[in-house]
Amino acid sequence: MTQHKISLTRYLVEQQRADGHIPGQLRLLLEVVARACKSISQAVNKGDLGGVLGTAESENVQGEVQKKLDIIANEVLIEANEWGGHLAAMASEEMDSIYVVPNRYPQGEYLLLFDPLDGSSNIDVNVSIGTIFSVLKKPEDHPGVQEADFLQAGAKQVAAGYCIYGPQTTLVLTVGDGVAMFTLDREQGSFVLTKENIQIPADTKEFAINMSNMRHWDAPVKRYIDECLAGSEGPRGKDFNMRWIASMVTDVHRILMRGGIFLYPWDKREPGKPGKLRLMYEANPMSWLVEQAGGMATNGRERILDIAPGKLHERVSVMLGSKNEVERVTRYHDPL
Ligand SMILES: O=P(O)(O)OC[C@H]1O[C@](O)(COP(=O)(O)O)[C@@H](O)[C@@H]1O
Ligand SMILES: [Mg+2]
Ligand SMILES: [Mg+2]
């Protein structure tokens with residue numbers, strides 16, 4: 001098999017041929033998601049010229065003010081996927097409840113979940129943003145589809161990925177057989193395989209956390225970051241660098257490319273809220289990608305992919321990336 005210049009379509013077909021583990025319907029679904037991402041990428045690129053920047057006059061179910069692009073990206077994903085025959089229903093960070101494929105369209109066996117536009121605060125300042133997606137299989141024990149069908153642990157995902165709209169538009173994908181990266185070739189109009197078997201180094205000297213929340217953190221996170229900040233004179237014996245883009249997609253992409261640890265921990269501002277990030281649309285797909293690349297993802301206490309979701313819009317504390325660092329901060333959470 002040629003390692004370079006192969007399209008997403010050919011990659012998926014060849015994966016399917018190699019061990020039969022990508023069913024045809026799943027392959028089609030992923031191609032439709034990729035096509036939708038291409039279209040979102042175009043809208044993002046146009047910026048002010050397309051009238052897509054700025055805030056819409058609405059709030060989502062999480063009480064967050066929606067940007068125009070949040071709404072556009074959500075609609076693009078729904079319209080692209082609803083008639084293809086591979087889906088039973090979709091769920092999105094931007095919608096209150098699940099979107100069941102209307103019965104005028106053929107029904108499929110998969111469930112698609114997405115954060116249509118991640119890093120919304122970066123849209124208007126021309127910083128990388130992205131789309132995150134996760135695919136589950138609909139349980140077969142009953143006809144129709146309901147919200148409870150989506151409440152499966154991340155370990156049950158059959159595909160997960162994101163598309164980053166940055167200097168390049170790049171799709172990063174796993175179907176449970178490692179992580180592959182595809183770069184959008186705008187002249188050809190297709191995603192071309194540019195990296196396979198992405199591996200996150202187990203050690204790193206780079207962390208990503210919103211430092212402005214420091215005073216609200218729990219003791220184990222504070223200890224971990226304090227030790228990083230102490231640098232070569234501290235217990236870690238090395239200097240750390242810090243990055244925070246405020247787009248999970250972009251921070252995770254950097255970690256997949258060169259290692260690092262990303263933390264968005266629980267904090268004391270809203271003690272009843274497990275974290276800021278969304279389990280089903282952000283943490284699960286990113287955690288599976290990271291694990292597939294040899295990294296680790298926990299909420300400080302348990303593997304994110306083992307968490308049984310209680311509700312669709314569930315939040316979670318997230319620590320992911322280079323294995324030895326995530327292991328360390330998770331260990332700091334152990335009761336003495
Ligand atoms: O401003 P903060 O709290 O640092 O937020 C950054 C985090 O919030 C998010 O932007 C949430 O994503 P949305 O843009 O999809 O709401 C994450 O991507 C990111 O890690
Ligand atoms: Mg997001
Ligand atoms: Mg979003």
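Residues numbered from 1 in each chain as written. Chains lettered and ligands numbered in written order. Predicted model: local features only at pLDDT ≥ 70, side-chain atom pairs only at ≥ 80, totals over all residues. Heavy atoms only, no water.

J.: Sorry, what's going on with the sheet that holds strand S10 (residues 190-195) here?
T.: One key point about sheets: their strands pair by backbone hydrogen bonds, in either a parallel or an antiparallel sense. Pairing is mixed across the open sheet formed by eight strands, whose spatial order is S4-S3-S5-S6-S7-S8-S9-S10. Where the open sheet ends on each side, the last strands, each with one partner, are strand S4 (99-100) and S10. Two elements, strand S3 (residues 87-92) and S4, share two bridges in a ladder whose sense is antiparallel. Opposite Ala89, over in S4, you have Val100 as the bridge partner. (Pairing = 2+ DSSP bridges. Helix = DSSP H or I, 4+ residues; strand = E, 2+ residues; numbered from the N terminus.)

J.: In this structure, what is going on with the side chain of Gln15? I would like to understand it.
T.: Structurally, Gln15 can be placed in helix H1 (residues 8-19). In this structure Gln15 comes out as buried when scored by relative accessible area, which is 12%. Discounting chain neighbours no more than four positions away, the residues touching Gln15 are Gly20, His21, Ile22, Val175 and Asp177. (Buried < 20%, exposed > 50% of the residue type's maximum accessible area, 1.4 Å probe, protein only. Contact = heavy atoms within 4.5 Å.)

J.: How do you make sense of the coordination of the magnesium ion (ligand 2) when you look at a structure like this?
T.: Each donor-metal-donor angle would ideally measure 109.5 degrees in four-coordinate tetrahedral geometry, or 90 or 180 degrees in six-coordinate octahedral geometry. Protein coordination at the magnesium ion (ligand 2) comes from Asp115 (OD), Asp118 (OD) and Glu282 (OE), with a distance range of 1.8 to 2.1 Å. Sequence positions of the residues that donate to the magnesium ion (ligand 2) give the spacing D-x2-D-x163-E. Taken as a pair, the magnesium ion (ligand 2) and the magnesium ion (ligand 3) show a spacing of 3.7 Å, with Asp115 coordinating each metal. One end of the pair, Asp118, is in strand S5 (residues 110-118); the other, Glu282, is in helix H6 (residues 279-292), with 164 residues separating them in the sequence. (Donors = N, O, S within 2.8 Å, 3.2 Å for Na, K, Ca; no water.)

J.: What is the right way to read the domain arrangement of the protein chain from this model?
T.: Where interface size is given, it is often the accessible area lost as the parts come together that is meant. Looking at the protein chain, the domain boundaries give domain 1 (8-195) and domain 2 (206-330). Computed over C-alpha atoms only, the centres of domain 1 and domain 2 are separated by 23 Å. On the domain 2 side, the residues contacting the 51 residues of domain 1 number 31 residues. For the domain 1 face of the interface with domain 2, the top three residues by lost area are Ile132, Leu151 and Tyr162, together amounting to 19%. (Domains from an automatic or database assignment. Buried area = accessible area lost by both parts, 1.4 Å probe.)

J.: Looking at this structure, I do not really get the coordination of the magnesium ion (ligand 3). What am I missing?
T.: Each protein donor to the magnesium ion (ligand 3) is listed here as Glu93 (OE), Asp115 (OD) and Leu117 (O); together their distances run 2.2 to 2.3 Å. Considered as a linear motif, the donors of the magnesium ion (ligand 3) on their single chain read E-x21-D-x1-L.

J.: I tried to follow empty space enclosed by the protein on my own but got confused; where do I start?
T.: It is a probe the size of a water molecule, rolled over the atoms, that shows where empty space is left. On inspection of all chains with the given rule, the structure shows one cavity of 30 Å³ or more. In this structure, the largest cavity encloses a volume near 30 Å³. If you go around the largest cavity, the residues you meet are Leu113, Ser134, Leu136, Gln152, Gly154, Gln157, Met280 and Asn284. In terms of residue class, the lining of the largest cavity is made up of three nonpolar, five polar and no charged. (1 Å grid on protein atoms, 1.4 Å probe; cavity = no way out; pocket = protein on both sides within 12 Å on 5 of 7 lines; lining within 4 Å. Points joined across faces, edges and corners; volume = space filled by probe spheres on them. Nonpolar A, V, L, I, M, F, W, Y, C, P; charged D, E, K, R; others polar.)

J.: I tried to follow the site of ligand 1 on my own but got confused; where do I start?
T.: Of all residues adjacent to ligand 1, which total 17 residues, the nearest are Asp118, Ser120, Asn210, Met248 and Tyr264. Between ligand 1 and Tyr264 there is a distance of 2.5 Å, counted from an oxygen atom to a side-chain nitrogen or oxygen. Here ligand 1 has 480 Å² of accessible area as a free molecule, and 86% of this is covered by the chains. Judged by its atoms lying within 2 Å of the grid points, ligand 1 is housed in the largest pocket. (Near = heavy atom within 4 Å. Polar contact = N/O pair within 3.5 Å; in protein donor to acceptor, adjacent residues only side chain to side chain. Areas by Shrake-Rupley, 256 points an atom, 1.4 Å probe, with all protein chains shown as cover. Sits in = over half its atoms within 2 Å of the grid points.)

J.: Can you walk me through the environment of Ser232 in this structure?
T.: Of note, Ser232 is situated in the loop between helix H4 (219-229) and strand S12 (241-242). Residue classification places Ser232 among the partly exposed positions, given a relative accessible area of 38%. When neighbours within four sequence positions are excluded, Ser232 is seen to be in contact with Gly237, Lys238 and Asp239.

J.: Teacher, can you tell me more about the layout of surface pockets here?
T.: When its volume is computed, the largest pocket comes out at roughly 610 Å³. In terms of lining, the largest pocket is formed by 32 residues, of which the most central are Glu64, Tyr264, Lys276, Leu277 and Arg278. Of all the secondary structure elements, the ones that give two or more residues to the lining of the largest pocket are strand S2 (65-67), S5, strand S13 (261-264) and strand S14 (277-278). The element contributing the most residues to the lining of the largest pocket is S5, with three residues. Of the residues assigned to the lining of the largest pocket, the class counts are ten nonpolar, eight polar and 14 charged. Here the lining of the largest pocket spans two domains, and each of domain 1 (8-195) and domain 2 (206-330) adds at least three residues to it.

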